[in-house]
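Here are the chains, one letter per residue:
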Amino acid sequence: MSCSMPSSSIFTEPIMNNSGDPTESLENLLVQLENNGYESIPSFRIYLAAKPFIEKFEVNADVNQLDKFCRYLTWSLDQEKPEHSYIACGFQKKHLIAWIEHIKCISVNCLSSMSKLKPELQTDSKSLSIFLNTVVSLTCMRTWRITKHEQYKQLETGINNLTNNVYSYMITEGQFYESINELLQAGFTRPGKIFFTRTNLHALATLSNKSLLDSRFVTDLLLTKYVIYVISIPAYVHYVHSLCPDGLPDTLFSVLIDFLAVEGNLENCLIGKEICFIFSLLANLTDFGQYFPDLAEQIHPKFLNVLLKLLRFCEEELNISKKSHWHPILGWVSAPISLPYLNTVAVVRGQIEALWKPVYIQVCMAERSEKEIRPGSYATIK
């Protein structure tokens, strides 16, 4: 994507102190930053040292160093002076293309590192906060302090396009939803307990939703991935709504139902899936709908059809003759039941019970009552 940068004196050398050996070790520079303060080394020197590290990054070997680098990076994004802003490294024409690719790689490396963390460990939880903060910052120009400087206001459009480009690259090239799924599954591993702070879970939910709520990003493929890797995670809607309800906006509910109501879309999402997956998707959509009863009623023909399809899929799976695994809600099923499903049984049961609440009785009976209840009848729908 083109990040249009106007011709101006701000791009002439030197925009900052470019001193530094390009072969400098990032590890050594990070030690100096820790000992002497982040302002002790110009950001361009850090950029030159970070480039080869990010290009050759390996999750199993380099995650601790990436953590330290991202702590510096998020600090630098909050700096207004060009010599301390990592963003200003891209303001030099000859470095612009390489810098944009560098920023994209950072976001993908953070994503792959997050998926390998264990949120129940305090050290990993802190690293998760750092990586999430980095990804959110790199995909949102409002967090870039230097853009508020009068000298750089002319770059606002180009920078906004850049952040959108970084996000687009991350969700299409970085196994985005697959990584989010691994992380969320790891955070929902014990009965009645999750290992995410409100801030972290809100960031995960917001990043996951962003591509579906913006016409520049949304595609059927991304919607399918969201259904498979996010909204089908057992108890996901319950936990997000409990900790950060604004992570599940009503617009997302409408987008999902509109997509799943199209013939073939729900079926494609369920190809090769076992009954626990289908049941969790049903529970999450049921839970989601009860938080927006007016909207659920407004789109009830579509919503009701999606729920009925999922119930029929569950019935078909339960009618399979060979069943040797016990599910606390469904009874005997054919496939083994993984830990995340077993550990969220109590929550999922509560989600499914919403089908017998007044909001759903009203939604399910609304169309029939309109046809059958005549004026003057004693029957009413509350």
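What you are looking at is a predicted structure, and each value in this text was computed from that prediction instead of being measured. (Residues numbered from 1 in each chain as written. Predicted model: local features only at pLDDT ≥ 70, side-chain atom pairs only at ≥ 80, totals over all residues. Heavy atoms only, no water.)

Re the overall build of the protein chain
And step 1. Helices and strands together make up the secondary structure of the protein chain, namely 18 helices and two strands.
And step 2. For the protein chain, the residues scored as buried account for 53% of the 382 residues in total.
And step 3. Pairs at least 24 apart in sequence give 73% of the contacts found in the protein chain among residues at least 6 apart.
And step 4. For the protein chain, the accessible area works out to roughly 18,100 Å², and carbon and sulfur atoms hold 51% of it. (Helix = DSSP H or I, 4+ residues; strand = E, 2+ residues; numbered from the N terminus. Buried < 20%, exposed > 50% of the residue type's maximum accessible area, 1.4 Å probe, protein only. Contact = heavy atoms within 4.5 Å. Areas by Shrake-Rupley, 256 points an atom, 1.4 Å probe, with all protein chains shown as cover.)

Let's talk about the packing of aromatic side chains
And step 1. Following the criterion strictly, the structure yields 19 aromatic pairs and no others.
And step 2. With centroids separated by 5.7 Å and ring planes inclined at 50 degrees, the aromatic side chains of Phe44 and Tyr47 adopt a geometry described as tilted. Remark: Tyr47 and Phe44 occur in helix α2 (residues 43–55); sequence separation between them is three residues, near one turn of the helix. Judged on exposure class, the residue Phe44 and its partner Tyr47 are both buried.
And step 3. Between Tyr72 and Tyr86, the ring centres sit 6.5 Å apart and the planes meet at 80 degrees, which makes this aromatic pair edge-to-face. Of this pair, Tyr72 sits in helix α3 (residues 59–77) while Tyr86 sits in the loop between α3 and α4 (93–114); the two residues are 14 residues apart in sequence, bridging distant segments of the chain. (Phe/Tyr/Trp six-rings, centres within 6.5 Å; stacked < 30°, edge-to-face > 60°.)

Description of the side chain of Ser232
And step 1. Structurally, the position occupied by Ser232 is in the loop between α9 (220–231) and α10 (236–243).
And step 2. For Ser232, a relative accessible area of 3% translates into the label buried.
And step 3. Polar side-chain contacts of Ser232 include one of 2.7 Å to the backbone oxygen of Ile228.
And step 4. Residues within four places of Ser232 in sequence aside, it is in contact with Val227, Phe277, Ser280, Leu281 and Asn284. (Polar contact = N/O pair within 3.5 Å; in protein donor to acceptor, adjacent residues only side chain to side chain.)

Describing the nonpolar core
And step 1. Ranked by internal contacts, the top residues of the largest apolar core, which has 119 residues, are Phe69, Tyr86, Leu184, Ile231 and Tyr236.
And step 2. Sort the elements by how many residues they give to this core and helix α13 (residues 275–290) lands first, with ten residues.
And step 3. Those residues in contact with Leu184, other than ones at most four positions away along the chain, are Phe196, Leu201, Leu204, Val230, Ile233 and Tyr236. (Core = buried A, V, L, I, M, F, W, Y, C linked by side-chain atoms within 4.5 Å.)

Here's the deal with helix α7 (residues 176–187)
And step 1. Look at α7: 17 Å from first C-alpha to last across twelve residues, which is about the 16 Å you get at 1.5 Å a residue.
And step 2. For α7, the buried fraction is high: ten of the twelve residues fall into the buried class.
And step 3. Those residues of α7 that fall on the buried side of the exposure criterion are Phe176, Tyr177, Glu178, Ser179, Ile180, Asn181, Leu183, Leu184, Ala186 and Gly187.
And step 4. On its buried face, α7 sits against α4, α5 (122–138), α6 (156–173), α8 (198–210), α9 and α10. (Expected span 1.5 Å × (residues − 1).)

Comments concerning the environment of Asp220
And step 1. Secondary-structure assignment places Asp220 in helix α9.
And step 2. Overall, the relative accessible area of 49% leaves Asp220 in the partly exposed class.
And step 3. Separated by 39 residues in the primary sequence, Asp220 and Phe259 place their C-alpha atoms 7.8 Å from one another.

A few points about the state of the cysteines
As used here, a disulfide is simply a covalent bond connecting the sulfur atoms of two cysteines.
And step 1. This structure, assessed with the given rule, holds zero disulfides.
And step 2. In this structure Cys276 is a free cysteine whose sulfur lies 9.5 Å from that of Cys314, the closest cysteine sulfur available. (Disulfide = S-S within 2.5 Å.)

Topic: the packing of α3 against α4
And step 1. Relative to each other, α3 and α4 sit at 120 degrees, their axes nearing to 10 Å. Compared by their axis directions, α3 and α4 come out oblique. Seen from above, α3 lies across α4 with left-handed handedness. Residues Val59, Val63, Leu66, Phe69, Cys70 and Leu73 of α3 pack against His102, Ile106, Asn109, Cys110, Ser112 and Ser113 of α4.
And step 2. For the contact of α3 with α4, the per-class residue count stands at eight nonpolar, four polar and no charged. (Axes fitted to C-alpha atoms, helices over the stretch in contact; angles between N-to-C directions. Parallel < 35°, antiparallel > 145°, perpendicular 65-115°, else oblique. Left-handed = near helix turned anticlockwise from the far one by under 90°. Nonpolar A, V, L, I, M, F, W, Y, C, P; charged D, E, K, R; others polar.)

Quick notes on the environment of Trp326
And step 1. For Trp326, the position within the fold is in strand β1 (residues 325–327).
And step 2. Separated by ten residues in the primary sequence, Trp326 and Pro336 place their C-alpha atoms 8.4 Å from one another.
And step 3. The contact partners of Trp326, leaving out residues within four places of it in the chain, are Gly331, Trp332 and Ile337.

Observations concerning α4
For an α-helix, the turn length of 3.6 residues means that residues three or four places apart are oriented alike.
And step 1. The end-to-end C-alpha separation of α4 is 32 Å, in line with the 32 Å expected for 22 residues at 1.5 Å each.
And step 2. Along α4, the sharpest kink reaches roughly 25 degrees, centred on Trp99. (Bend = angle between axes of the 7 residues up to and from the residue.)

As for the confidence of the model for the protein chain
And step 1. Looking at the protein chain as a whole, its pLDDT mean stands at 84, while 88% of the residues score no less than 70.
And step 2. Within the model, the stretch residues 1–20 combines pLDDT values under 50 with 51 contacts to residues more than four positions away or in other chains.
And step 3. Confidence drops under a pLDDT of 50 for residues 371–382, and excluding neighbours within four residues, the segment shows four contacts in the predicted structure. (pLDDT = per-residue confidence, 0-100.)

A look at the side chain of Thr139
And step 1. Secondary-structure assignment places Thr139 in the loop between α5 and α6.
And step 2. Within the local environment of Thr139, its side chain forms a polar contact with the backbone oxygen of Val136, the two atoms lying 3.2 Å apart.

Notes on the pattern of salt bridges
And step 1. For the structure shown, the criterion picks out eleven salt bridges.
And step 2. Between Lys104 and Glu101 there is a salt bridge whose closest N-O contact spans 3.4 Å. Remark: Glu101 and Lys104 occur in helix α4; sequence separation between them is three residues, near one turn of the helix.
And step 3. For Lys104, a relative accessible area of 9% gives the class buried.
And step 4. One connected set of salt bridges, linked through shared partners, spans Glu263, Glu267 and Lys309. (Salt bridge = Lys/Arg side-chain N within 4 Å of Asp/Glu carboxyl O.)

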